[in-house]
Amino acid sequence: MFGCRAFTLIELLASTALLMLLGVLSYSILASTSSAWKSHKARVGAFEGARAAFESLTTRLSQATLNTYWDYDDPADPQRYFRQSELHFVSGHATSLLPSVGNATLDAVFFVAPLGFTDNATFDPLNKMLTACGFYVRFSDDPNRPDFLSGRIPSRYRFRLFQFLQPGEQLEIYNSPTGTAWFEDNVASWSFSMAENVLGLVIRAKYPTGSGDRMDYNYNSRNGSRTASTPMFNQLPPVVAVTMVVMDEDSARRLESGSAPPDVLPAANLFTNPADYEDDLATWENKLAGKNVAYRVFSAEIPIRGAKWSSDP
């Protein structure tokens, strides 16, 4: 009788231990799954804003225009027709296009498009009014923090994608027939942050030449002269390839070091030769992976609807 009771007690203890073990294992699995789900959800959410900003960038870039027309080369002594335009499309290294903007990274692009953006309700019906637009990335403190909070909350330096958007009624490009003053002098007043943790843009303009398609990191519709050797003069590139690299907020917090940008940008010798684009991007990705940075790469080739490429000067 005593032996049966002892055996029953041992079975009960064994069953209890097994149930406790199963409970611990189940809790561990549920906790791990919950943690993975929360991490995935947070990571997806971290890139949601960047994805929306990239879609806005590609949509607006596709609307770029030069309103090109043909006119005499010299009204006083006309010899032939040439392409003419008072507008401008330019892309290239942000530090060159925006020398007054500190901590600008990689590439930037500026153009004019019929976006109908206005700062005056009187002009709201003019929904196709020309608007100066542009995109660039810089490392900065939060530009949306109210002044009265300065010193009360800590600074929050991040890489940010900015959009330059100047109202149509204040468009100054017609006062700037050459050069880039039309956006350089106004970028500080009419820029706003679109997305955080955007490390940079890589922009390549694609256009045809006599020997086949060519891609350039630098494109300027005002460069050159009215000759066949500078076919981009007063012309839009038919296609613009844009790559945007974004890291998540957890990585940004981990690498945060006050006002000093973290070492997550590509080396200066990368993205200088369009033929090496794929290798350069892989090198940059390897650098980010080596620093355990969670990142995403957004890429698109954007047809410019207003481009009417012609080999004639």
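Now for a description of the structure that goes with this document. (Residues numbered from 1 in each chain as written. Predicted model: local features only at pLDDT ≥ 70, side-chain atom pairs only at ≥ 80, totals over all residues. Heavy atoms only, no water.)

Remarks on the pattern of salt bridges
Note the cut-off: Salt bridges are identified by distance alone: a Lys or Arg side-chain nitrogen within 4 Å of an Asp or Glu carboxyl oxygen. Here a helix means four or more residues in a row that DSSP labels H or I, a strand means two or more in a row labelled E, and each is numbered from the N terminus. Burial classes: relative accessible area under 20% of the type maximum marks a residue as buried, over 50% as exposed, and values in between as partly exposed (1.4 Å probe, protein chains only).
Evaluated as defined, the whole model comprises 11 salt bridges. With its nearest N and O atoms 3.7 Å apart, the salt bridge here joins R51 to E48. You can see R51 and its partner E48 sitting in helix 1 (residues 2-61), 3 residues apart, about one turn around the helix. For E48, a relative accessible area of 42% translates into the label partly exposed. Three or more residues are tied together by salt bridges with common partners; here these are R156, R158, R160, E196, E249, D250, R253 and E256.

Description of helix 5 (residues 277-290)
Stated formally: Multiplying 1.5 Å by the helix residue count minus one yields the expected span of that helix. By arc we mean the arc of the directions from the helix axis to the C-beta atoms, nothing more. When checking whether two residues touch, look at their non-hydrogen atoms; a contact exists if any pair is within 4.5 Å.
Taking 1.5 Å as the rise per residue, helix 5 with 14 residues should run 20 Å; its terminal C-alpha atoms sit 20 Å apart, in good agreement. Looking at helix 5, one finds that the buried residues are Y277, D280, L281, W284 and L288. Angularly, the buried residues of helix 5 cover 100° about the axis, an arc narrow enough to put them on a single face. Exposed and facing more than 90 degrees away from the buried side of helix 5 are E278, D279, N286 and G290. Among the structural elements, strand 4 (104-113), strand 8 (198-209), strand 11 (239-247) and strand 12 (295-303) are those in contact with the buried residues of helix 5. Positioned one or two residues after helix 5, N292 has a phi angle of 55°, which is positive.

Thoughts on unusual backbone geometry
Not every positive phi belongs to a glycine, and N234 is a case in point at roughly 55°. Looking at the secondary structure, you find N234 in the loop between strand 10 (219-220) and strand 11. Note on N234: relative accessible area 4%, which makes it buried. Of note, N292 is a non-glycine position whose phi angle comes to about 55°, a positive value. Relative to the elements of secondary structure, N292 occurs in the loop between helix 5 and strand 12. Overall, N292 belongs to the exposed group, its relative accessible area being 61%.

Regarding the pairing of strand 8
Rule in force here: Any two strands are treated as partners once DSSP identifies two or more bridges connecting them.
Burial analysis of strand 8 places 9 of its 12 residues in the buried class, the great majority of the element. Where strand 8 and strand 11 come together, 8 bridges link them in antiparallel fashion. Each residue of the ladder has a partner; that of G200, found in strand 11, is V245. Note that strand 8 and strand 9 (residues 212-216) share 5 bridges and pair antiparallel. Directly across from Y207, in strand 9, lies its bridge partner R214.

A few points about a nonpolar patch on the surface
Heads up, the rule is: Only residues whose relative accessible area exceeds 30% and that take part in no salt bridge are eligible for patches, with like-charged residues grouped when within 9 Å of each other and nonpolar side chains (Val, Leu, Ile, Met, Phe, Trp, Tyr) grouped when within 5 Å. Note on areas: Shrake-Rupley, 1.4 Å probe, and residue coverage restricted to the protein chains presented here.
A grouping of L18, L19, L21, L22 and L25 is seen on the molecular surface, where their side chains present a nonpolar patch of about 500 Å² in accessible area. One can find L19 in helix 1. Taking relative accessible area as the criterion, L19 reaches 61% and is therefore assigned exposed.

What to know about the packing of aromatic side chains
Our working definition: Between 30 and 60 degrees the pair is tilted, below 30 it is stacked and above 60 it is edge-to-face, where a pair is any two Phe, Tyr or Trp rings, Trp via its six-membered ring, whose centres lie within 6.5 Å. Note on criteria: charge over ring means Lys NZ or Arg CZ within 6 Å of the ring centre, with the direction from the centre no more than 35 degrees off the ring normal.
A full pass over the atoms with the stated rule returns 15 aromatic pairs. Where F139 meets F159, the ring centres are 4.8 Å apart and the plane angle is 55°; that geometry is what we call tilted. Placement of F139 in strand 5 (residues 131-140) and of F159 in strand 6 (residues 158-166) is noted, with a sequence separation of 20 residues between them. Looking at F159, the relative accessible area reads 2%, which means it is buried. Taking 6.3 Å as the distance between ring centres and 55° as the angle between the ring planes, the aromatic pair formed by F271 and Y277 counts as tilted. Aromatic ring contacts, followed pair by pair, group F89, F111, F135, Y207, Y219 and W309 into a single cluster. Sitting over the face of the ring of Y277, R204 holds its NZ or CZ atom 3.7 Å from the ring centroid.

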